[in-house]
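# Breakdown of the fold
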Amino acid sequence: EELFVSLLMDAEAISVMDETVRVMEFFYDYPDKQTWLNYWRASPGPTFSDIDGIDITGWRKANGKLYQVSVSVPHELPMTEGAYRGVDLYWGYEIEPILNSSGEKSGRFRMTLISQTILNNWLPNFLAKIKIGDVLADYVRTIERTANQKESEGKLGYYLKKYGFQE
């Protein structure tokens, strides 16, 4: 689960995993090594305008669970030309390890993703509601595949250190 969150925080990894992301840039690291300010720009498809946003994003551990959360700061900086400002009212993962019969981590986890994003694009609400679940599920599956790939490449330690999970 820590590698999963590390990949969510990595601009290069996100850009490779999500083909709609045109720009993902983390431009301020908070001293706690768990919080970042980032800019993102996504291109949902050929008939839609780009959406961009500025988020404070980070992770925390509590009660045996891992949380990764983002919230937008929608009016701090102007939109990029040609893009609509998307606003993540909240975007968050709750990740809970699944324990084996001995009460130890099994290497698997249960995850809940909660997202309330205002697209501010001309995509009709009924269409957004129909498609968004599939899009988010695909996003999670893509990160899972990438995490497995990074782990098999021996890059687990690199990501865990980079995002504050290991010293």
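Thresholds applied
- Residues numbered from 1 in each chain as written.
- Predicted model: local features only at pLDDT ≥ 70, side-chain atom pairs only at ≥ 80, totals over all residues.
- Heavy atoms only, no water.
- Buried < 20%, exposed > 50% of the residue type's maximum accessible area, 1.4 Å probe, protein only.
- Helix = DSSP H or I, 4+ residues; strand = E, 2+ residues; numbered from the N terminus.
- Pairing = 2+ DSSP bridges.
- 1 Å grid on protein atoms, 1.4 Å probe; cavity = no way out; pocket = protein on both sides within 12 Å on 5 of 7 lines; lining within 4 Å.
- Points joined across faces, edges and corners; volume = space filled by probe spheres on them.
- Nonpolar A, V, L, I, M, F, W, Y, C, P; charged D, E, K, R; others polar.
- Contact = heavy atoms within 4.5 Å.
- Phe/Tyr/Trp six-rings, centres within 6.5 Å; stacked < 30°, edge-to-face > 60°.

### A closer look at the pairing of strand β4 (residues 65-72)
Burial of β4 is one-sided: the residues L66, Q68, S70 and S72 facing one way are buried, the residues K65, Y67, V69 and V71 facing the other way are not. Two strands pair when backbone bridges link them, and strand β3 (residues 50-62) and β4 are joined in this way by 8 bridges, in the antiparallel orientation. Across the sheet, the residue bridging to D55 is S72, located in β4. What sits between β3 and β4 in their antiparallel hairpin is a turn of 2 residues, with N63 showing a positive phi close to 55°.

### Quick notes on the layout of surface pockets
Empty space among the atoms becomes visible once a probe the size of a water molecule is rolled across them. In this structure, the largest pocket spans a volume of roughly 1400 Å³. Broken down by secondary-structure element, the contributors of at least two residues to the lining of the largest pocket are α2 (11-17), β1 (21-29), β2 (35-42), β3, β4, β6 (87-99), β7 (105-118) and α3 (125-152). Ranked by residue count, the leading element in the lining of the largest pocket is α3, at 13 residues. Among the residues forming the lining of the largest pocket, the class breakdown is 23 nonpolar, 14 polar and 8 charged. Estimates place the volume of the second largest pocket at around 400 Å³. In terms of lining residues, the second largest pocket is bounded by 15 residues, among which E1, F4, G107, F109 and N148 are the most central. Going through the elements one at a time, α1 (2-8), β7 and α3 are the ones with two or more residues in the lining of the second largest pocket.

### Observations regarding the environment of A42
Assignment of secondary structure puts A42 in strand β2. Considered as a pair, A42 and I54 are 12 residues apart in the sequence and their alpha carbons are 12 Å apart. Here A42 is in contact with T20, V21, R22, D50 and I51, once residues within four sequence places are set aside.

### Description of the packing of aromatic side chains
Within the structure shown, the criterion is met by 6 aromatic pairs. For the ring pair W36 and Y163, a centre distance of 5.5 Å and an interplane angle of 65° mean the geometry is edge-to-face. Note that W36 is positioned in strand β2 and Y163 in the segment after α4 (156-162), a separation of 127 residues in sequence. Across the pair, exposure class does not vary: W36 and Y163 are buried alike. Taken together, the ring pairs in this structure connect F4, W91, Y93 and F109 into an aromatic cluster.

### Details of the environment of T112
On the secondary structure map, T112 appears in strand β7. Owing to a relative accessible area of 35%, T112 belongs among the partly exposed residues under this scheme. In this structure, T112 is in contact with G92, Y93 and E94, ignoring residues within four places of it in sequence.

### Section: the side chain of N38
When you line up the elements, N38 lands in strand β2. In contact with N38, not counting residues within four places along its chain, are M24, E25, F26, F27, G53, I54, D55 and T57.

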